[in-house]
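# Observations on the three-dimensional arrangement
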Amino acid sequence: MKANSRLQWKISFLFLFLFLIGLWVVRSESKDGGGSLKWVLIVSVLVLWAIFHLGLGRILARPLREITDVVGKYAEGLFNWRVRLEGQKDDLAALGNQLNRMAEATGEKIESLSQALAESQALLAGMEEGVLIVDLNGRVQKVNGAMAAILSHAHPVDIGKHYLEVFRDPELNELIQETLATKQGQRRTLSPLSQPGRSFHMQSSLIQDPARGIGGIVVVFHDVTDLKRLERIRQDFVANVSHELRTPLTAIRGYVEALLDENLESAPQAKKFLQIIERHTQRMEKIVSDLLLLSEMESPDRMLNRTPLDFGALISSAVEGLRPLAQSKNLTLQMEIPARLPPIAADGQKLHQVLVNLLSNAISYTQDGGQIAVGIQPANGGVEVSVSDNGIGIPPEHLSRIFERFYRVDKSRSREEGGTGLGLSIVKHIIEAHGGWVNVDSKPGKGSRFKFFLPGI
């Protein structure tokens with residue numbers, strides 16, 4: 001740019017020098033006449049100088065305008081523009097090349113940052129965990145979708161507000177306050193006011209900014225409701241197994257000791273004691289057998305012996321096998337089996353166990369003189385089987401847990417009936433292993449209806 005300016009001024013000074021020489025000639029010869037022609041020559045030189053000076057200025061100013069326009073595009077964030085000064089090899093051309101390289105590098109950096117930002121946004125949006133970001137002044141900077149679902153009163157419009165204005169959960173506010181005060185991560189368990197019954201593990205961490213140090217805090221919410229439920233089930237399972245096995249073992253031990261204290265042959269109650277021992281031993285065997293079956297059905301390596309089944313014959317076999325037990329309580333046991341059913345491929349032995357469990361359950365909880373009905377019908381490309389009774393029914397608060405292992409509505413009565421508390425859990429696992437579903441409808445005092453579906457071939 002300086003070279004172009006110097007060239008322009010050199011040429012201007014040359015024209016000015018010629019003009020001064022012409023003026024001197026005019027003055028020196030003005031006495032001889034013919035001055036008009038010479039003045040015309042001088043004026044022509046001045047005009048040519050002015051035209052050349054202005055034209056050269058425009059020529060030299062064009063690269064500057066090109067550079068200025070492109071820099072303006074860079075200021076708007078349009079880094080795909082380039083300075084084009086074809087044929088020039090001066091300082092302005094060098095400046096244009098440097099600007100082009102700077103724009104290319106800056107564009108690549110911005111594209112890389114935009115891609116990283118898009119990936120981060122997608123990651124936050126796709127996370128099941130809730131994420132909350134707060135700056136050191138306590139202002140909310142980011143709330144992802146999962147967080148907004150966890151804390152229903154948190155919305156994107158709350159960005160920029162102080163966390164005390166947004167969140168009304170004391171435990172969360174206390175965690176944020178303590179993290180800001182101590183500059184150390186914290187851990188808590190929260191049950192949000194907006195979601196009673198659910199539990200979340202909260203963990204706060206500091207955001208480290210290499211240039212400014214700590215830039216804020218991030219709080220991550222992890223839903224541990226199912227983990228707590230599984231832990232409760234595990235604890236209940238251990239307690240129930242211990243209790244179920246302790247009862248028959250105590251009875252067996254007591255009667256064995258009684259037999260040992262007396263002469264076995266002369267003891268009048270020996271036969272009765274042995275019968276009690278046999279009954280409790282059978283109960284223990286049933287508990288262990290059900291536990292093994294349940295463990296087998298829960299295993300990812302479970303094997304089902306699927307073969308084409310005559311489902312009507314399978315139901316008839318289960319009903320006839322339990323008819324004597326139903327007759328002992330004066331119960332009416334009915335079947336309704338259509339002539340034609342969709343073909344079913346399933347594990348007949350395990351489905352027989354399902355029917356036996358459901359029928360045994362209905363017989364146990366139906367009063368003497370009641371009715372039990374078994375029905376089957378085509379449905380959605382498979383079959384739908386129902387076992388209904390007009391027994392004591394199930395209270396609504398127990399329906400959601402009726403298929404849990406060892407769960408009993410009336411524990412004392414269940415044990416009197418000889419149940420293990422695993423029958424309905426086994427039913428659920430066997431049906432779901434076949435790709436079907438099972439549910440129950442019940443009203444206290446009106447009876448219950450268990451229904452399950454199996455897909456066809």
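Residues numbered from 1 in each chain as written. Predicted model: local features only at pLDDT ≥ 70, side-chain atom pairs only at ≥ 80, totals over all residues. Heavy atoms only, no water.

### Brief notes about the overall build of the protein chain
Scanning the protein chain from N- to C-terminus turns up 12 helices and 12 strands. The buried share of the protein chain, reckoned over its 457 residues, is 35%. Long-range pairs, those at least 24 residues apart, make up 59% of the contacts in the protein chain with a sequence separation of at least 6. Of the roughly 27,400 Å² of accessible surface on the protein chain, 56% is carried by carbon and sulfur atoms. (Helix = DSSP H or I, 4+ residues; strand = E, 2+ residues; numbered from the N terminus. Buried < 20%, exposed > 50% of the residue type's maximum accessible area, 1.4 Å probe, protein only. Contact = heavy atoms within 4.5 Å. Areas by Shrake-Rupley, 256 points an atom, 1.4 Å probe, with all protein chains shown as cover.)

### Section: the nonpolar core
Phe311, Leu351, Leu359 and Phe452 are the most contacted members of the largest nonpolar core, which has 45 residues in total. Not counting residues up to four positions away in its chain, the partners in contact with Phe311 are Leu341, Ile344, Leu351, Ile376, Val383, Val385, Phe452 and Leu454. Counting 20 residues, the second-largest nonpolar core is a separate cluster that includes Leu172, Phe200, Met202 and Phe221. (Core = buried A, V, L, I, M, F, W, Y, C linked by side-chain atoms within 4.5 Å.)

### Digging into the pairing of strand E11 (residues 437-443)
Burial of the side chains of E11 is restricted to one face: Val438, Val440 and Ser442 are buried, whereas none of Trp437, Asn439, Asp441 and Lys443 on the reverse face is. The sheet contact formed by E11 and strand E12 (residues 447-455) spans seven bridges and is antiparallel. For Ser442, the partnering residue across the bridge sits in E12 and is Ser448. Following E11, the chain reverses through three residues before pairing antiparallel with E12; Gly445 in that reversal takes a positive phi of roughly 80 degrees. (Pairing = 2+ DSSP bridges.)

### Side note on the environment of Leu78
Here Leu78 lies in the loop between helix H2 (35-75) and helix H3 (91-126). For Leu78, a relative accessible area of 34% corresponds to the partly exposed category. Separated by 29 residues in the primary sequence, Leu78 and Gly107 have C-alpha atoms spaced 8.5 Å apart.

### Digging into the pairing of strand E1 (residues 130-134)
The element E1 is extensively covered by neighbouring structure, given that four of its five residues are classed as buried. With three bridges joining them, E1 and strand E2 (residues 140-143) adopt antiparallel strand pairing. Following the sheet pairing, Val134 is matched in E2 by Val140. Counting the residues between successive antiparallel strands, the hairpin from E1 to E2 contains five residues, one of them, Gly138, with a positive phi of roughly 85 degrees.

### Section: the packing of aromatic side chains
Using the criterion set out here, one finds three aromatic pairs in the structure. An angle of 90 degrees between the planes, with centres 6.2 Å apart, marks the rings of Phe403 and Phe450 as edge-to-face. Here Phe403 is found in the loop between strand E10 (382-389) and helix H11 (411-416), whereas its partner Phe450 is found in strand E12, with 47 residues between them in sequence. Taking the relative accessible area as the measure of exposure, Phe450 reaches 4% and is therefore buried. Geometrically, the ring pair formed by Trp437 and Phe453 is stacked, given 5.9 Å between the ring centres and 20 degrees between the ring planes. Within this pair, whereas Trp437 is found in strand E11, its partner Phe453 is found in strand E12, the two being separated by 16 residues in sequence. Look at Phe453 and you get buried, because its relative accessible area is 9%. (Phe/Tyr/Trp six-rings, centres within 6.5 Å; stacked < 30°, edge-to-face > 60°.)

### What to know about helix H9 (residues 311-328)
Owing to its 3.6 residues per turn, the α-helix aligns residues three or four sequence positions apart on the same side. Taking 1.5 Å of rise per residue, 18 residues should cover 26 Å, and H9 covers 27 Å from first to last C-alpha, within 8% of that figure. Of all the bends in H9, the largest measures some 40 degrees and sits at Leu322, one to four residues before the proline Pro324. Looking only at H9, the buried set comprises Phe311, Gly312, Leu314, Ile315, Ala318, Val319, Leu322 and Ala326. One or two positions beyond H9, positive phi appears at Asn330, with a value near 60 degrees. (Expected span 1.5 Å × (residues − 1). Bend = angle between axes of the 7 residues up to and from the residue.)

### Considering the side chain of Glu404
Inspection of the secondary structure puts Glu404 in the loop between E10 and H11. Within polar-contact distance, the side chain of Glu404 engages the side chain of Arg401 at 3.0 Å. Dropping the residues within four chain positions of it, Glu404 is found in contact with Arg232, Gly421 and Ser425. (Polar contact = N/O pair within 3.5 Å; in protein donor to acceptor, adjacent residues only side chain to side chain.)

### Some points on unusual backbone geometry
For Lys183, which is not a glycine, the phi torsion comes out positive at approximately 55 degrees. Checked against the element boundaries, Lys183 lands in the loop between helix H6 (170-182) and strand E3 (187-190). Despite not being glycine, Asn330 shows a phi value in the positive range, around 60 degrees. Topologically, Asn330 is positioned in the loop between H9 and strand E7 (332-336). The exposure class of Asn330 is exposed, given its relative accessible area of 57%.

Read these as layout, nothing more, since geometry by itself doesn't imply function.
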